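The primary structure of each chain is shown beneath.
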Amino acid sequence: MTAPESDEPRRRQPVFGGSEEPNSLFGEILDWMLAPLLLLWPISIAATNHVANEIANQPYDQALAENVAAIARLVRIVEGRAVVSLPVPVRAVLHTDSEDTLYFQVRGPRGDILSGDDEIHAAPGAESAGPEETRFRDDNIGGEPVRVAWRAIAVEPGRSPAVIQVAETRRKREALASRIISGVLLPQFAIIPLAVILVWLGLSKGLAPLARFRRQIGERRPGDLSPIATRGVPDELQPMIVSFNGLMARLEQNLQAQQRFIADAAHQMKTPLTGLKTQTELALRENDPAQMHRSLEQIARSTDRASHLIHQLLALARAESSHDKVHKFEMTDLDALARDVAREWVPRALAGRIDLGFEGTDWPLLIDGVPLLLRQLLDNLIDNALKYTPAGGRVTVRVQAGERATIAVEDSGIGIPEADRERVFEPFYRVLGTDADGSGLGLAICREIAELHRGDISLAAGEGGAGTRIALAFPRCRNASLLDEFKRVAQGNEP
């Protein structure tokens, strides 16, 4: 026995795991809501780090620029030479800092160090720097990263400038950036779990109508196929419930059709079986061999009629219950199929001295269909036409290609009165005044098969108002127009 399923949602793997196991709608939505948040968090950390470093650089870069400007005011140009006069207190101030180490340097036009620390590397691109312009760069001194501010001072036209540089280690900057990052990111560690909880609660509340819908279905009686009310149902669920109600309606129709079929089959089988029983009892009482032989012939004919009835009942049941699991639709050449079926009925037509003809398209006429059921349809139409056409008459099977694929069976028989043309498609209905044996199921089967193939069936009088013409029109395959164009080209009729 199979264990009953739990009411709780099935466990699932997250989207990142790539699992193919059955999942829940709740888990799927939760994954797709949290996944962007988890992906954006590292990006937020990187962006916060960049912005924090930029913010931390601004005040300290300003202080470095002021130091460069202060030293620049102490540099004089005397006879084409840069002269630096730095008092001892100024030197002491430049080298005094409780956290960072400061360096300064003044280089002459020839690159010689006029004053300051020689650990600072020469400034790149000093020749192209504009006067009174302070520039910044990142460098390192003794393996420790530093921030360098520098300015070029023109000495004489055409000569290299003197360069003033002030460097500072990055300890205070990194400490300020760390405080900024921690101030921004630490609240996120509390906000993200809270966001996850709120998303969880929001999803639970939003998906509550699905749970109510599941309970409403589970509480129904087994035979209750009535539609579900859509009042108070969220807009997103209404299309699903409408589709579900349509499914229930079709299921109820199928069940009613099965019940009608069982009742009709029981009623129709009762008559031939009763007749067989009566004829058998009469045969058992006969002593005359000739009379017994006639009784046995009657029994054989009754058996044939019962067998035909059973065959037709099974065909009707097959047509009414056909779906993709029972009969698979495939591309079918209606012209070739009709030609083969008509050829199989030639011996029967010859035996009845009936002219059976076929008019085809001489070209594939493709539709989406079930070959077995289409063959059953054509068999019933040709069988009826031959049955109700007297000797010397004619029956024509005609296939035509147009906007739709059309197949017609026309005979010169006794015809069907106009008043009965609609009712002959009802199961077990037979036109009064006909002597031919029949179950009254042939055209009902044809109608069921036509509807299954999204086709139309029509009945009219034959040529000249005599006989009967039954026509069916089916939708053609999508590439049918291409085949028609190719046919015109092949026949030399290209427009």
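Basis of the calculations
- Residue positions are counted from 1 within each chain, in the order its sequence is given.
- Local features in this predicted model are restricted to residues of pLDDT 70 or higher, and side-chain atom pairs are both shown and tallied only at a pLDDT of 80 or more, whereas totals for entire chains, interfaces and linings draw on every residue.
- The basis for every side-chain value is the complete set of heavy atoms in the structure, and neither hydrogens nor water enter the calculation.
- UniProt positions are given in the numbering used here, feature names are shortened, and annotations may be inferred rather than shown by experiment.
- Helix and strand definitions follow DSSP, with helices as H or I runs of at least four residues and strands as E runs of at least two, each counted in order from the N terminus.
- Exposure is judged per residue with a 1.4 Å probe applied to protein chains only, and the accessible area is read against the type maximum: over 50% gives exposed, under 20% gives buried, and values in between give partly exposed.
- Contacts are residue-level and defined by heavy atoms, with any inter-residue pair within 4.5 Å sufficient.
- Angles shown run from 0 to 180 degrees and are taken between the N-to-C directions of axes, each axis being a line fitted to C-alpha atoms and, for helices, limited to the stretch in contact.
- Here is the rule for angles: anything less than 35 degrees is roughly parallel, anything more than 145 is roughly antiparallel, 65 through 115 is roughly perpendicular, and the remaining ranges are oblique.
- Two helices that cross are described as forming a left-handed crossing if the nearer one is turned anticlockwise from the farther one by less than a right angle, and a right-handed crossing if clockwise.
- Side-chain classes follow a simple rule in which Ala, Val, Leu, Ile, Met, Phe, Trp, Tyr, Cys and Pro form the nonpolar group, Asp, Glu, Lys and Arg form the charged group, and the remainder, Gly included, forms the polar group.
- Two strands qualify as a pair provided DSSP detects at least 2 bridges between them.
- Nitrogen and oxygen atoms within 3.5 Å of one another constitute a polar contact, given that in protein one can donate a hydrogen and the other can accept it, and given that sequence-neighbouring residues count only through two side-chain atoms.
- To form a nonpolar core, buried Ala, Val, Leu, Ile, Met, Phe, Trp, Tyr and Cys residues must be joined to one another through side-chain atoms within 4.5 Å.
- Any residue with relative accessible area above 30% and no salt bridge may belong to a patch, with like charges joined within 9 Å and the nonpolar Val, Leu, Ile, Met, Phe, Trp and Tyr side chains within 5 Å.
- Note on areas: these come from Shrake-Rupley sampling with a 1.4 Å probe, and a residue is covered only by the protein chains present in the view.
- For salt bridges, the criterion is a side-chain nitrogen of Lys or Arg within 4 Å of an Asp or Glu carboxyl oxygen.
- Asp and Glu count as negative and Lys and Arg as positive, but His and the ends of the chain are not part of the count.
- A single reference atom marks each charge: NZ on Lys, CZ on Arg, CG on Asp, CD on Glu.

Under the annotation held in an unreviewed UniProt entry, the protein carries the name histidine kinase and is attributed to Candidatus Nitricoxidivorans perseverans. In its Catalytic activity (unreviewed entry) section, UniProt records this for the protein: "ATP + protein L-histidine = ADP + protein N-phospho-L-histidine." Per UniProt, the protein has the following entry under Subcellular location (unreviewed entry): "Membrane".

### Thoughts on the overall build of the protein
A tally of helices and strands in the protein yields 11 helices and 14 strands. Per-residue burial for the protein yields a buried fraction of 36% across its 495 residues. For the protein, the proportion of contacts with a sequence separation of at least 24, taken over those separated by at least 6, is 61%.

### Comments concerning the packing of helix H7 (residues 334-344) against helix H9 (residues 371-387)
Interhelical geometry of H7 versus H9 gives an angle of 45 degrees and a closest axis separation of 10 Å. Between H7 and H9, the interaxial angle falls into the category oblique. As H7 packs across H9, the resulting crossing turns out to be right-handed. For the pair H7 and H9, the contacting residues are Leu337, Ala338, Asp340, Val341, Ala342 and Glu344 in the first and Pro371, Leu374, Arg375, Leu378, Asp379 and Ile382 in the second. Here the contact of H7 with H9 is built from residues that sort into 8 nonpolar, no polar and 4 charged.

### Points about the sheet that holds strand S9 (residues 355-359)
Taking strand neighbours across the sheet as the criterion, the 5 strands line up as S9-S11-S12-S14-S13 in an open arrangement whose pairing is mixed. Each edge of the open sheet carries a strand with a single partner, namely S9 and strand S13 (456-461). Within the sheet, the average angular offset between the axes of one strand and its neighbour, ignoring direction, is 10 degrees. With 6 bridges joining them, S13 and strand S14 (residues 468-474) adopt antiparallel strand pairing. Across the sheet, the residue bridging to alanine 460 is arginine 469, located in S14. This element, H7, spans S9, strand S11 (394-401), strand S12 (405-411) and S14 of the sheet and lies at about 165 degrees to S9.

### Points about the UniProt feature "transmembrane region" (unreviewed entry) in the protein
The positions that UniProt labels "transmembrane region" (unreviewed entry) are, in the present scheme, residues 180-203. Taken as a whole, residues 180-203 contains 100% helix and 0% strand, while its terminal C-alpha atoms sit 34 Å from one another.

### Points about the side chain of aspartate 139
In this fold, aspartate 139 is placed in strand S5 (residues 134-141). A distance of 3.5 Å separates the side chain of aspartate 139 from the side chain of arginine 137, its partner in a polar contact. Not counting chain neighbours up to four residues away, the residues in contact with aspartate 139 comprise His121, Glu144, Pro145, Val146 and Val148.

### Quick word on the sheet that holds strand S7 (residues 162-169)
Reading across from one edge, S4-S3-S7-S6-S5 is the order of the 5 strands in this open sheet, with antiparallel pairing throughout. Sheet topology places strand S4 (113-116) and S5 at the edges, where each strand pairs with a single neighbour. In this sheet, adjacent strand axes meet at a mean angle of 25 degrees when their direction is disregarded. Relative to S4, strand S3 (residues 102-107) runs antiparallel, the two being bridged by 3 bridges. In the sheet register, valine 106 faces S4, and the bridge partner there is serine 115.

### Topic: the nonpolar core
Of all hydrophobic cores here, the largest spans 36 residues; its most connected members are Leu381, Val397 and Ile407. A per-element tally of this core places H9 first, with 8 residues. For isoleucine 407, the residues in contact, after removing those within four places along its chain, are Leu334, Ala338, Leu378, Val397, Arg398, Val399, Ile470, Ala471, Leu472 and Phe474. The next biggest cluster of nonpolar side chains, apart from the first, holds 14 residues, and it includes Ala72, Val75, Ala82 and Ala149.

### Here we look at the pairing of S14
The element S14 is extensively covered by neighbouring structure, given that 6 of its 7 residues are classed as buried. Between S13 and S14, which pair antiparallel in sequence order, lie 6 residues; one of them, glycine 464, sits at a positive phi of approximately 75 degrees.

### Section: a positive patch on the surface
Together, Lys205, Arg212, Arg214 and Arg215 make up a positively charged patch on the protein surface. Among the elements that take part in the positive patch, helix H4 (residues 208-218) stands out by supplying 3 residues, more than any other. Overall, the relative accessible area of 45% leaves arginine 212 in the partly exposed class.

### Thoughts on the pattern of salt bridges
Under the definition given, this model contains 19 salt bridges. Of the charged contacts, one joins aspartate 61 and arginine 147 as a salt bridge, the two residues approaching to 2.9 Å between their closest N and O atoms. Of this pair, aspartate 61 sits in helix H1 (residues 25-72) while arginine 147 is found in strand S6 (residues 144-153), placing the two residues 86 residues apart along the sequence. A relative accessible area of 12% places arginine 147 in the buried class. For arginine 147, the salt bridge goes to aspartate 138, with nearest N and O atoms at 3.0 Å.

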